[in-house]
Amino acid sequence: MISYITVGADDIRRAKHFYAAFMPALGYGSEEGPEGLSYVLAVPPGQPAVSPDYYVKPTFNGQPASAGNGAMVAFCAQSQQQVRDLHAAALAAGGQDEGQPGFRVAYGPRFYVGYFRDPQGNKIALFSDNPDEPGRDG
């Protein structure tokens, strides 16, 4: 099980504006500290923590942050509409489009996905495979 994911950012204020556009809708609460931004899934009292956490931080070595070539983080949305809405919100908050929301022939018939990059260049996917919604072929 993945416990947490960390991506680098050179401009935490810009990253905060960007991630605020969609992370709360996915159930993530946020905290800002001297070490950067922390996004943690909400957990009802008395329940165990839910992974993974997502951190946006300056680099530890002090060098400029860079996006991993081939690296991507995917977040599960509740519906195809939420994928569309949050993809649009991410772009409006400074993200770069990497693939409009829709079905992809290479994936299963219910896998609905949109891609974008954060202001630092980290690639992010939002997807839904909700069985209550129409699939690619129907």
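Shown above is the structure to which this text applies.
Everything quoted here is computed from the prediction, not taken from an experiment.

## Here we look at the pairing of strand E5 (residues 72–76)
No. 1: Alternating residues of E5 divide into Val73 and Phe75, all buried, and Met72, Ala74 and Cys76, none buried.
No. 2: Note that E5 and strand E8 (residues 123–128) share five bridges and pair parallel. Along E8, the bridge assignment pairs Val73 with Ile124.

## So, helix H2 (residues 80–92)
No. 1: Along its 13 residues, H2 runs 18 Å from first to last C-alpha, staying within 8% of the 18 Å computed at 1.5 Å per residue.
No. 2: Close packing links the buried residues of H2 with helix H1 (12–19), strand E6 (96–103), strand E7 (112–117) and E8.

## Thoughts on the packing of aromatic side chains
No. 1: Taken as a whole and assessed by the stated rule, the structure comprises 14 aromatic pairs.
No. 2: Between the aromatic rings of Tyr19 and Tyr54, the centroid separation amounts to 5.5 Å while the plane-to-plane angle is 55°, which identifies the pairing as tilted. Here Tyr19 is found in helix H1, whereas its partner Tyr54 is found in strand E4 (residues 53–57), with 35 residues between them in sequence. For the pair Tyr19 and Tyr54, a shared accessibility class is recorded, and that class is buried.
No. 3: Consider the rings of Phe111 and Phe127, whose centres lie 5.0 Å apart with planes at 20°: the pair is stacked. Of this pair, Phe111 sits in the loop between E6 and E7 while Phe127 sits in strand E8, and the two are 16 residues apart along the sequence.
No. 4: Of the residues examined, Phe111 reaches a relative accessible area of 24% and is grouped as partly exposed.
No. 5: Looking at Phe127, the relative accessible area reads 16%, which means it is buried.
No. 6: We note Lys123 situated over the ring of Tyr115; from NZ or CZ to the ring centre the distance is 5.1 Å.

## Overview of unusual backbone geometry
No. 1: Here the amide bond leading from Ser51 into Pro52 is cis, since omega sits at 0°, within 30 degrees of zero.
No. 2: Its place among the elements puts Pro52 in the loop between strand E3 (36–41) and E4.

## A closer look at the pattern of salt bridges
Opposite charge on two side chains allows them to pair when their charged atoms are near.
No. 1: This structure, assessed with the given rule, holds four salt bridges.
No. 2: Linking Lys16 and Glu32 is a salt bridge whose minimum nitrogen-to-oxygen distance equals 2.7 Å. Taken together, the residues Lys16 in helix H1 and Glu32 in strand E2 (residues 28–33) connect sequence positions 16 residues apart.
No. 3: Residue Glu32 is classed as partly exposed on the basis of its relative accessible area of 48%.

Cut-offs and rules
For every chain, the first residue of its written sequence is number 1, and the numbers climb from 1 along that sequence. With the structure being a predicted model, the display of local features is reserved for residues of pLDDT at least 70 and the display and counting of side-chain atom pairs for 80 or more, all residues being used for whole-chain, interface and lining totals. Hydrogens and water are ignored here; the side-chain numbers use all heavy atoms of the structure. Classification of residues uses two cut-offs on accessible area relative to the type maximum, computed with a 1.4 Å probe and protein chains only: under 20% is buried, over 50% is exposed, and between them is partly exposed. Each helix is a run of DSSP H or I of at least 4 residues and each strand a run of E of at least 2, with the numbering of both proceeding from the N terminus. Two strands make a pair as long as DSSP finds a minimum of two bridges between them. Multiplying one less than the number of residues by 1.5 Å gives the expected span of a helix. Two residues form a contact once any of their heavy atoms are found within 4.5 Å. Aromatic contacts are taken between Phe, Tyr and Trp rings whose centres are within 6.5 Å, Trp giving its six-membered ring; a plane angle under 30 degrees counts as stacked, one over 60 as edge-to-face, and the others as tilted. Either the NZ atom of lysine or the CZ atom of arginine qualifies as a charge over a ring when it sits within 6 Å of the ring centre and within 35 degrees of the ring normal. The salt bridge criterion pairs a side-chain nitrogen of Lys or Arg with a carboxyl oxygen of Asp or Glu, the two atoms within 4 Å.

Read these as layout, nothing more, since geometry by itself doesn't imply function.
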